[in-house]
Amino acid sequence: MTHMLALIALLPLLGFLLNGIFATALGGHRFSNKTAAFVGCIMPLAAFALTIQAFLMLRGSGEYTPIVEPLYRWATIGDHTFDITFYFDRLTAVMALIVTGVGSVIHIYSTGYMHDDKSFGRFFAYLNLFLFFMLLLVLGRSMLVLFVGWEGVGLASYLLIGFWFDDLTNAIAGRKAFITNRIGDAGFLLGMFLLYRAFGTLDMDTINSAFAAGSATMVSASLVGLFLFIGATGKSAQIPLYVWLPDAMAGPTPVSALIHAATMVTAGVYLVARMSGLYLQAPDASQLMAVVGVLTAFIAATIALVQTDIKKVLAYSTVSQLGFMFVALGVGAYGVAIFHVVTHAFFKACLFLGAGSVIHALGGEQDIRKMGGLRKHIPVTFWTFAIATAAIVGIPGLAGFFSKDEILWYAFASERGGASWLWAMGALTAFMTAFYMTRLLWLTFFGASRMAPDVEHHVHESPLSMTAVLGVLALLSAVGGYIGIPHFLEPLMPLPPVVEALEHYEHTLLYVSVAIAFSGVGLALFMYNGPASRAAGMARAAGPVYGLLQGKYFVDELYAAVIVKPLAWFSDVVLFKAGDRVVIDGSVNRLAGLTQWTSALLGRAQSGSLQLYALFVMVGIVGALLWSWRHV
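The residue numbers shown here count from 1 along each chain, following its written sequence. With the structure being a predicted model, the display of local features is reserved for residues of pLDDT at least 70 and the display and counting of side-chain atom pairs for 80 or more, all residues being used for whole-chain, interface and lining totals. Hydrogens and waters are ignored; side-chain quantities use all the structure's heavy atoms.

Asker: Hey, could you run me through the overall build of the chain in this one?
Answerer: By the criteria applied, helices consist of DSSP H or I runs no shorter than four residues and strands consist of E runs no shorter than two, each listed in order from the N terminus. Across its full length, the chain holds 26 helices and two strands. Dimensions of the chain along its principal axes, counting C-alpha atoms only, are 115 × 70 × 55 Å. For the chain, the residues scored as buried account for 53% of the 632 residues in total. Considering only contacts in the chain between residues 6 or more positions apart, those separated by 24 or more positions represent 80%. Note on areas: Shrake-Rupley, 1.4 Å probe, and residue coverage restricted to the protein chains presented here. Just so you have it, the chain exposes about 26,700 Å², and 68% of that area is on carbon and sulfur atoms. Exposure is judged per residue with a 1.4 Å probe applied to protein chains only, and the accessible area is read against the type maximum: over 50% gives exposed, under 20% gives buried, and values in between give partly exposed. What makes two residues a contact is simply this: any of their non-hydrogen atoms within 4.5 Å.

Asker: Sorry, what's going on with the packing of aromatic side chains here?
Answerer: Two aromatic rings, drawn from Phe, Tyr or Trp (for Trp, its six-membered ring), form a pair once their centres lie within 6.5 Å of each other, and the interplanar angle then sorts them: stacked below 30 degrees, edge-to-face above 60, tilted otherwise. Tallied over the entire structure, the rule returns 27 aromatic pairs. Of the aromatic side chains, those joined through ring pairs into one cluster are Phe120, Phe123, Phe124, Tyr126, Phe163 and Trp164. Seen from the ring of Phe488, Arg90 lies directly overhead, with NZ or CZ sitting 5.2 Å from the centre. Any Lys NZ or Arg CZ that is within 6 Å of a ring centre and within 35 degrees of that ring's normal is treated as a charge sitting over the ring. Positioned above the aromatic ring of Phe178 is the side chain of Arg182, whose terminal nitrogen or guanidinium carbon lies 4.4 Å from the ring centre.

Asker: Can you help me understand the pairing of strand β2 (residues 80–88) in this one?
Answerer: The side chains of a regular strand alternate between the sheet's two faces. Sheet topology note: the strand β1 (residues 67–77)/β2 ladder contains nine bridges and is antiparallel. Within the sheet, the bridge partner assigned to Thr76 lies in β2 and is Thr81. For two strands to pair, DSSP has to find at least two bridges joining them. Connecting the antiparallel pair β1 and β2 is a turn made up of two residues, with Gly78 showing a positive phi of about 65 degrees.

Asker: In this structure, what is going on with the packing of helix α5 (residues 143–161) against helix α6 (residues 168–199)? I would like to understand it.
Answerer: The relative placement of two packed helices comes down to the angle between their axes together with the axis-to-axis distance. For the pair α5 and α6, interaxial distance at closest approach is 8 Å and the crossing angle is 170 degrees. Classified by the angle their axes make, α5 and α6 are roughly antiparallel. Along its contact with α5, which presents Met143, Leu144, Leu146, Phe147, Trp150, Glu151, Gly154, Leu155, Tyr158 and Ile161, the element α6 presents Asn170, Ala173, Gly174, Arg175, Ala177, Phe178, Arg182, Asp185, Phe188, Leu189, Met192 and Leu195. Broken down by class, the residue content of the contact of α5 with α6 amounts to 15 nonpolar, three polar and four charged. Angular values range over 0 to 180 degrees, each being the angle between N-to-C directions of two axes fitted as lines to C-alpha atoms, with helices fitted over their stretch in contact. Working definition: roughly parallel below 35 degrees, roughly antiparallel above 145 degrees, roughly perpendicular at 65 to 115 degrees, and oblique for all remaining angles. Three residue categories are used. Nonpolar comprises Ala, Val, Leu, Ile, Met, Phe, Trp, Tyr, Cys and Pro, charged comprises Asp, Glu, Lys and Arg, and polar comprises the others, including Gly.

Asker: Please explain unusual backbone geometry as it appears in this structure.
Answerer: In terms of backbone geometry, most residues other than glycine have negative phi values and most peptide bonds are trans. With an omega of 5 degrees, the peptide bond between Ile239 and Pro240 qualifies as cis. Position of Pro240 among the secondary structure elements: in the loop between α8 (221–235) and α9 (244–247). Located in the positive-phi region is Ala237, a residue other than glycine, with phi close to 55 degrees. By the element assignment, Ala237 lies in the loop between α8 and α9. A relative accessible area of 0% means that Ala237 is categorised as buried. Despite not being glycine, Phe554 has its phi angle at roughly 55 degrees, a positive value. Turning to its location among the elements, Phe554 is positioned in the loop between α24 (544–550) and α25 (555–603). For Phe554, a relative accessible area of 41% translates into the label partly exposed.

Asker: Would you mind going over the side chain of Thr444 with me for this structure?
Answerer: You can see Thr444 is positioned in helix α18 (residues 420–445). Given the relative accessible area of 0%, Thr444 is considered buried. Of note is the side chain of Thr444, whose polar atom sits 2.7 Å from the backbone oxygen of Leu440. Dropping the residues within four chain positions of it, Thr444 is found in contact with Ile310, Val358, Ile368, Met371, Gly372, Gly373 and Leu374. Here a polar contact means two N or O atoms within 3.5 Å. Within protein one must be a hydrogen donor candidate and the other an acceptor candidate, and residues neighboring in sequence count only if both atoms are side-chain atoms.

Asker: Would you mind going over the side chain of Thr51 with me for this structure?
Answerer: Looking at the secondary structure, you find Thr51 in helix α2 (residues 33–60). The class for Thr51 is buried, based on a relative accessible area of 0%. Not counting the four nearest positions on each side in its chain, Thr51 is found in contact with Ile8, Phe88, Ala96, Leu97 and Thr100.

Asker: When you look at the environment of Gly200 in this model, what are you seeing that I'm missing?
Answerer: Within the secondary structure, Gly200 is located in the loop between α6 and α7 (204–212). It is 26 Å that separates the C-alpha atoms of Gly200 and Tyr334, two residues lying 134 residues apart in sequence. Sequence-distant contacts of Gly200, defined by excluding residues within four places in its chain, comprise His80 and Leu195.

Asker: Can you help me understand helix α14 (residues 310–330) in this one?
Answerer: Helical geometry: 3.6 residues make up each α-helical turn, so side chains three or four residues apart lie on a common side. Here α14 contains 21 residues, and its C-alpha end-to-end distance of 31 Å stays within 8% of the 30 Å for a straight helix at 1.5 Å per residue. The buried fraction of α14 amounts to 20 of the 21 residues, a majority that puts the element mostly inside the structure. Where α14 begins, one side-chain oxygen reaches toward the backbone nitrogen of Lys311, 2.8 Å away; that side chain belongs to Asp309. Phi for Gly332, located one or two positions after α14, is positive at around 90 degrees. Here the expected length of a helix is defined as 1.5 Å per residue gap, with one fewer gap than residues.

Okay, structure coming up:
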């Protein structure tokens, strides 16, 4: 099909334009909610169908020859040209199928979750816009096209996180996400500038080939890799730029599932995997990536241990799982990182949407301390949430078990890992993941009800549009690990070599991973399937550590004290009061005052007396004559 790849991206854009014009801009009366929902859902579904067709065409080529689709020439500057070209290879296929597939079911879920919202059409317009930019990001052959999509998903996430902008908390969360991502984007731009200066092109396959061939000697791979990784830390919420993602939970729950589980936050992982040819020649940047990834995973998991907001637990879990992905990237297991992107999209989208179903059933309540016993009231939500929880915990046979185990294995045994402490930190993080997710499941669905009587009276299962989506995602969370993503991507991104002396540890570490998962589950059940005083006593025993975790290590407060407040003071005192009011306004005001004084002085001569005017004329004539006689 001509321009198939362009249609995949443009269909969601068409949905945005239709809903944006007829359901929003024209007063919202041209489209009913049903029409807005139909338009908003049919476009991603059509894009998903075309993505499947593109994948079948790619597979039909035998050797999976990439599909290259030039669209048009964007700009010509001197001898340099910038083209809009779409590129569909194995990696693009995996990412595009996740974006359109998971994105489509989240759109369907939203029809039930947002059905009473006054800005129903605007919500679907924003969702479609986000999907368009995300597809632009993964389909672009050039890093420049990718960057347009990269910035676009930042804009769309700002609109979606702050969707209920009349609530100040939501507005601030959207702004925080937007600004934090711009910090990372500065690094991305610097990396792009260096690559373009060295190669005269931003086509990623060309750049990767140059690095793989060893001909890229005009630029430091580690330096460029570091700059691109800075961009990835912003978009994929790694230390130190992870602080925006937990606050982004202020937006509607489908937004959390789409942006912060399956798509946008994995953009940084995709970028590094796409530039694997560069990172294979950048061991220093890769080692830093692995260290930052494992620290992010560990720290986010410790914070999740004590969270009481159902969405905040999942938010810090997302940050932690993204850390695992960067560990895999850092040790050179790029295909394994993408494997975890896929499985994480399944189980985390199911968990977020399951949390949305719980919140929907409880009339907006998000505090797990005010839940309990919900498995009897909302059984479909419970079972799907339980399956997704088991998947992220790493119960054998489910999706998360396969991808997480491979990450831990390569962190232990790969030549680029080269440090068993990466495995140890990752294993400890996996134990905490099992603990806090079991805690979340238990406090939400088991035990005695802690709901207010008026809330419990109205608890009900979500509509079919929501529970059917939960069922699909729960099924994928169960069987998604059997999709051989690393093997499928291996011709494009070979798996890292394993240290020969460590090969015999593979099965042992597999059993250890299983033991870690069940140990975390067992400890959580011991703590919470019993007297409430047991968990409370543990919290008291932890003392200052518990307070530190509840305060989220006070990173936000540190940033506010060290960065935000000094910048606010500098902006207010130096730029506004001194610069704007004194220098700019002062100079204009003084010039106006001088003009006023001069006009007043000259105005004294305008007395209206004809005799005085005649005198001035005579004086002028005499003066002119005297001046002319002086030069005779």
